[in-house]
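# Remarks on the overall topology
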Amino acid sequence: MNDDVRNIVLGLTAVALGAVIGWLARSSLWRRRLRRKQAFFGLPDNAESLLVVNRDSGGPELTVTRHDVFALLELAALIKDCNAAAQVVAHDAAQQGFGERTEFCVGGPSSNRRMTAHLASLLPGVRVNVDPEPGPDRGAFQIGGERYRLEPGRAEHVILARLTAGQGDEVRPVFLFCGQRAITHQAATRYLARHHERLARKHGRHSFVLLLKVSNSQAYGPDVVEVVADVTRAAQAPLPTAALETTAGIRASHRAKP
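Keep in mind it's a predicted model, so treat the numbers as computed, not measured.

We now examine the overall build of the protein. The secondary structure content of the protein amounts to seven helices and 10 strands. Within the span of the protein, comprising 258 residues, buried residues form 42% of the whole. Within the protein, contacts between residues separated by at least 24 positions form 67% of all contacts whose residues are at least 6 apart in sequence. As displayed, the protein has an accessible area near 13,900 Å², and 54% of this comes from carbon and sulfur atoms.

In structure tokens:
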């Protein structure tokens, strides 16, 4: 074998080894990212999860708004990426506890009983004005001592929460997407899909509650989203007495109107 042939063989061998090493490195990096994603969402390979949605009060069929359908599609893609499966369940049929399967609950308390239960048991510091009568506080969020009003099409809020009831790898989280309008649910699920790696680095497997604001949705849809605040501490603590009295007074004044 002359020098030219030897150099060609050595060059091809080096290229092949480099390709194999690069493939192994990329595969190892992909597997680490997948494991971190699975840990954050509580979705190991072949895990089962729940997508809890609204049901039309007038019939037995599931009725989901267009923006909530888009929200479910965002979540379904995340679940599929984790090599897990999802079961769609109506909010009034999900009669089970939490922690055994990862749950994604979409919808406000006015139309989602499951969300109402989660807010009461997991986020006692949150109140949502579900009074059907028109008024400046209709749909407003009360979180701790702060109130966040709804301005349809201009400024709409949504709570994005990852909550766990207990410790350990076997405890599955509950993800809440509780918004003032359906378009905010799509915005929150899209935000989670885009930023879950950053959220995982910041919060790990711990609970967190973020208040997001969707700006000018009448022009930009669900795409312009900003984090108003991390309200984890306020949302998980009982509402102050003054806030409870204010909320009760607002509801009473609405009911008293002719």
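On the surface, Arg31, Arg32, Arg36, Arg198, Arg201 and Lys202 cluster together to form a positively charged patch. When contributions to the positive patch are tallied by element, the ones reaching two or more residues are helix 1 (3-41) and helix 4 (182-203). Tracing the backbone shows Arg198 in helix 4.

Scanning all chains against the criterion turns up six aromatic pairs. Pairing Phe40 with Phe41 gives two aromatic rings, centres 5.0 Å apart and planes at 80°, and the pair type is edge-to-face. Judged by relative accessible area, Phe41 falls into the buried class, the value being 1%. Judged by centre distance (6.4 Å) and plane angle (45°), the rings of Phe41 and Phe104 are tilted. Of this pair, Phe41 sits in helix 1 while Phe104 sits in strand 3 (residues 102-106), and the two are 63 residues apart along the sequence. Grouped by ring-pair contacts, the aromatic residues Phe40, Phe41, Phe104, Phe175 and Phe208 constitute a single cluster.

Attention shifts here to the sheet that holds strand 5 (residues 141-143). With antiparallel pairing, the three strands of this open sheet are ordered in space as 4-5-6. Edge positions in the sheet fall to strand 4 (126-128) and strand 6 (146-148), since each of these pairs with one other strand and no more. On average, each strand axis in the sheet is tilted by 20° relative to the strand beside it, whichever way the strands run. Relative to strand 5, strand 4 runs antiparallel, the two being bridged by three bridges. Looking at strand 5, one finds that Val128 is bridged to Phe141.

Parameters and conventions
- Think of each chain on its own: its residues are numbered from 1, step by step along the sequence as written.
- In view of the model being predicted, local features appear only for residues whose pLDDT reaches at least 70, and side-chain atom pairs are presented and counted only at 80 or more, with totals across whole chains, interfaces and linings using the full set of residues.
- By convention in this description, side-chain values take in all heavy atoms of the structure and omit both hydrogens and water.
- By definition, any uninterrupted DSSP run of H or I lasting at least four residues is a helix, any uninterrupted run of E lasting at least two residues is a strand, and each is numbered from the N terminus.
- Relative accessibility under 20% of the residue-type maximum defines a buried residue, over 50% an exposed one, and the middle range a partly exposed one, all with a 1.4 Å probe and only protein chains included.
- Throughout, a contact is declared for two residues whenever any of their heavy atoms are within 4.5 Å.
- Surface accessibility in these figures is a Shrake-Rupley result with a 1.4 Å probe; residues are shielded only by whichever protein chains are displayed.
- Patches here: salt-bridge-free residues with over 30% relative accessible area, like charges joined within 9 Å, nonpolar side chains (Val, Leu, Ile, Met, Phe, Trp, Tyr) joined within 5 Å.
- When a carboxyl oxygen of Asp or Glu is within 4 Å of a side-chain nitrogen of Lys or Arg, the pair counts as a salt bridge.
- Asp and Glu count as negative and Lys and Arg as positive, but His and the ends of the chain are not part of the count.
- Working definition for charges: the position is that of NZ of Lys, CZ of Arg, CG of Asp or CD of Glu.
- Any two of the Phe, Tyr and Trp rings considered here, Trp counted by its six-membered ring, make a pair once their centres fall within 6.5 Å; the pair's planes then place it as stacked at under 30 degrees, edge-to-face at over 60, or tilted in between.
- Note on pairing: DSSP must find at least two bridges between two strands before they are called paired.
- The angle between two axes is taken between their N-to-C directions and runs from 0 to 180 degrees, where each axis is a line fitted to C-alpha atoms and a helix contributes only its stretch in contact.

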